[in-house]
Each structure stands twice: as C-alpha cells, then as structure tokens.
Amino acid sequence: MAKDNYSKRRRIIQTLSVLILLSIPLRFFCVDLENECIRLFGIKFGLATMFYPLFTIVALVLFVVGIGMKKGRLFCSHLCPMHMFLEKVNSPKNRTSDSRPVKVWLWSLLFSFLLVQVILSFFQPLDNQIRLIASGNLPIIGISSALFLGFMGLFVHYQEHFCKKGCPYALIQMLLQSDQTRTMQFANPEKTCTNCRGCDDICPFNLRPRFESKTPDCTNCNLCTDACTTELGQGNTLFHLIDPSE
Ligand code: SF4
Ligand code: SF4
C-alpha cells in the first residue's frame, strides 16, 4: 500500500508513544514512593524538583489539546492505544475474518493488561504489586481488577462508540474545533471513484469516509487516503487533509 509522509510520520509517532508507555512498567518513568521522587529516564526528581516533570506532563496535555484545535483529533490517530487497537481489529483483513471475535478478545486482553500495568507501575513496581496481591492486599486487588474489567469492557464491547460518545478528549475536541480545524475532505470532480469501498473497509472508526470524513468523529488518520491511492494508483486519491488556517 502506498504511504505518504503523513502516514509514515503517524506510524513513527505511534511507535514512540508505545515505547513511552512501555517505559512506565520498565520503571524508566515512574513515581518512586520509597525514595520520594519521580524517575525520568535515569534522572531522579525529588520532592523539591518534582515540579519539572509534572509541569512537562501538564504542558504536553495542554499542547495536545491546543494543537487539536487546528489539527483535529491528533491525539486519537497518533497516540491513543484505542485507535491502534481499532486499526488492528477493523483492518480489511480482520473485518471479514471468521476469527475476528477471537482476535478482538486476544488483543483486548493484551491491551487491557498493558494499560493496567502502565497505570499501576507508575506508582508500584511489578514485584511489589505481585507481593501485595499475594498477601491479599484488598486495595491493589480491587483497583487492578476494576481497571482490567473497565478496559476489557471498552475494548471488547464499546470500541469506537466510546471514542465517539464517551472519551473526554473527544468531547473537549468537539467543543474546541471550528471552521479553522483541519479536516479530511473527499472530492470526486472527475467522477473517478470506482466505488471499490476500500475507504469504507479500512476506516478504523467504521465511518463511511466519502460521506462522514468531515464529521468530528474522523481522526484524520489518513488510512482512507492510502486505500484510495492503492485503488486509483500512485499519486491519485480522492481524499485530502485540508487545513483552512494555512
Ligand atoms: S474517515 Fe478516513 S481519516 Fe477519518 S477516521 Fe476514517 S479512515 Fe481515518
Ligand atoms: S477508496 Fe477511493 S475509489 Fe475506492 S470507494 Fe473509496 S473513494 Fe472511491
């Protein structure tokens, strides 16, 4: 499948975001309660300097929300694990496969386990968690079970419906977007669309891109552009990311 620079850049950013998430269970980035500090890739920030990594996290969140005003649902398509999950289970190959329900469960288990570990490991290393669970510590058993069941519910049952109707970031994004926000637009002036439905089959959010790519639900992931390029040939696509502010 032909990929333009936007798609390649998105894949690189997705990979980096997974590595950053994995750095938490590996304790490269975490709160060290024993030593009363935050660890950030080998650097310790004690109580007096804890302000710096916390400030960076808050600044990053504000940056993502702010840039979303101009660029659309940037966080969803570039950083969110749910989007990665949906790209997997709603790929054209999996969409029509008999084994899709099994794959949904397997990927849900993997994503849920990892996300629970990311949250718990931010405060407690894995060996401490195992020790506490083995000793019957009810708070950690309750928190880890509730988180795991919650994530399983999201991945197995709600999927893109959560992203469209329940995700706080999507709600903020919906409030902040304007006619200056970047959107994926479909134009077919030469009537070259072959109605192959490649764009419909690849959209991870189950949108019909030809009719719904300009709605707030579209994450500007560019997968419909890639699918259309594959159908119409290199350099041709009926989808374009339009940035009115440029
Ligand atoms: S419409 Fe296109 S850009 Fe929007 S979410 Fe679907 S595949 Fe991605
Ligand atoms: S991928 Fe392109 S050619 Fe195929 S249905 Fe979608 S817009 Fe039409």
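If you're wondering where the values come from, they're calculated on a predicted model, not measured in any experiment.

S.K.: Whenever I open this one, the site of ligand 2 confuses me. Can you help?
M.R.: As a structural note, the neighbourhood of ligand 2 is formed by Phe186, Cys193, Thr194, Asn195, Cys196, Arg197, Cys199, Arg210, Cys228, Glu231, Leu238 and Phe239. Of the residues in the shell around ligand 2, the class split is 7 nonpolar, 2 polar and 3 charged.

S.K.: What should I look at first to understand the environment of Val156 in this one?
M.R.: If you trace the backbone, Val156 turns up in helix H8 (residues 138-158). Residues Val156 and Phe113, spaced 43 residues apart in sequence, show a C-alpha to C-alpha distance of 13 Å. Apart from the residues within four sequence positions on either side, Val156 is in contact with Val104, Trp105 and Ser108.

S.K.: Teacher, can you tell me more about the side chain of Asn222 here?
M.R.: Structurally, Asn222 can be placed in the loop between helix H12 (209-212) and helix H13 (223-232). We classify Asn222 as buried; its relative accessible area is 3%. A distance of 3.0 Å separates a polar atom in the side chain of Asn222 from a polar atom in the side chain of Ser7. Leave out the neighbours within four places in its chain, and Asn222 touches Asp4, Tyr6, Ser7, Met184 and Leu241.

S.K.: When you look at the site of ligand 1 in this model, what are you seeing that I'm missing?
M.R.: Surveying the vicinity of ligand 1 reveals the residues Met184, Cys203, Pro204, Pro209, Ser213, Cys218, Thr219, Asn220, Cys221, Asn222 and Cys224. Among the residues forming the shell around ligand 1, the class breakdown is 7 nonpolar, 4 polar and no charged.

S.K.: How should the domain arrangement of the chain be read in this particular structure?
M.R.: Frequently, the measure chosen for interface size is the accessible area that the parts lose on association. Here the chain is described as being made up of domain 1 (5-175) and domain 2 (178-242). For domain 1 and domain 2, the distance between their C-alpha centroids amounts to 28 Å. Across the boundary between the two partners, domain 1 contributes 25 residues, which contact 21 residues of domain 2. When domain 1 packs against domain 2, close to 1900 Å² is buried across both sides, 50% of that on carbon and sulfur atoms. If you look at where domain 1 meets domain 2, you find 0 salt bridges. Where domain 1 meets domain 2, there are 17 residue pairs in polar contact (both at pLDDT 80 or more). Secondary structure elements with two or more residues in the side of domain 1 that touches domain 2: helix H1 (5-23), helix H2 (51-71), helix H3 (74-78), helix H4 (81-89), helix H5 (92-95), helix H9 (160-165) and helix H10 (168-176). Of the residues in the side of domain 1 that touches domain 2, the class split is 8 nonpolar, 8 polar and 9 charged.

Reading guide: rules and limits
Counting starts from 1 at the beginning of each chain's written sequence and moves along it residue by residue. In the order they appear in the text, chains get letters beginning with A and ligands get numbers beginning with 1. Reporting in this predicted model follows two pLDDT cut-offs: at least 70 for local features of residues, and 80 or more for side-chain atom pairs to be given and counted; totals over whole chains, interfaces and linings ignore these cut-offs and use all residues. Hydrogens and water molecules were not included; the side-chain quantities draw on all heavy atoms of the structure. Working definition: residue near molecule or strand if any one of its non-hydrogen atoms lies within 4 Å of it. Residue type decides the class: Asp, Glu, Lys and Arg count as charged, Ala, Val, Leu, Ile, Met, Phe, Trp, Tyr, Cys and Pro as nonpolar, and the leftover types, Gly among them, as polar. Secondary structure elements follow DSSP: runs of H or I of four or more residues count as helices, runs of E of two or more count as strands, with numbering from the N terminus. We call two residues in contact when some of their heavy atoms are within 4.5 Å. Only protein chains enter the accessibility calculation, which uses a 1.4 Å probe. A residue is then buried if its area is under 20% of the maximum for its type, exposed if over 50%, and partly exposed in between. Each polar contact in these results corresponds to two N or O atoms within 3.5 Å; when the atoms are within protein, one needs to be able to donate a hydrogen and the other to accept it, and residues that are neighboring in sequence are counted only if both atoms are side-chain atoms. Where each domain begins and ends is defined by an automated method or by a domain database. A 1.4 Å probe defines the accessible area here, and the buried area is the portion of it lost by two parts on being joined, summed over both. Counted as salt bridges are all cases of a side-chain nitrogen of Lys or Arg within 4 Å of a carboxyl oxygen of Asp or Glu.

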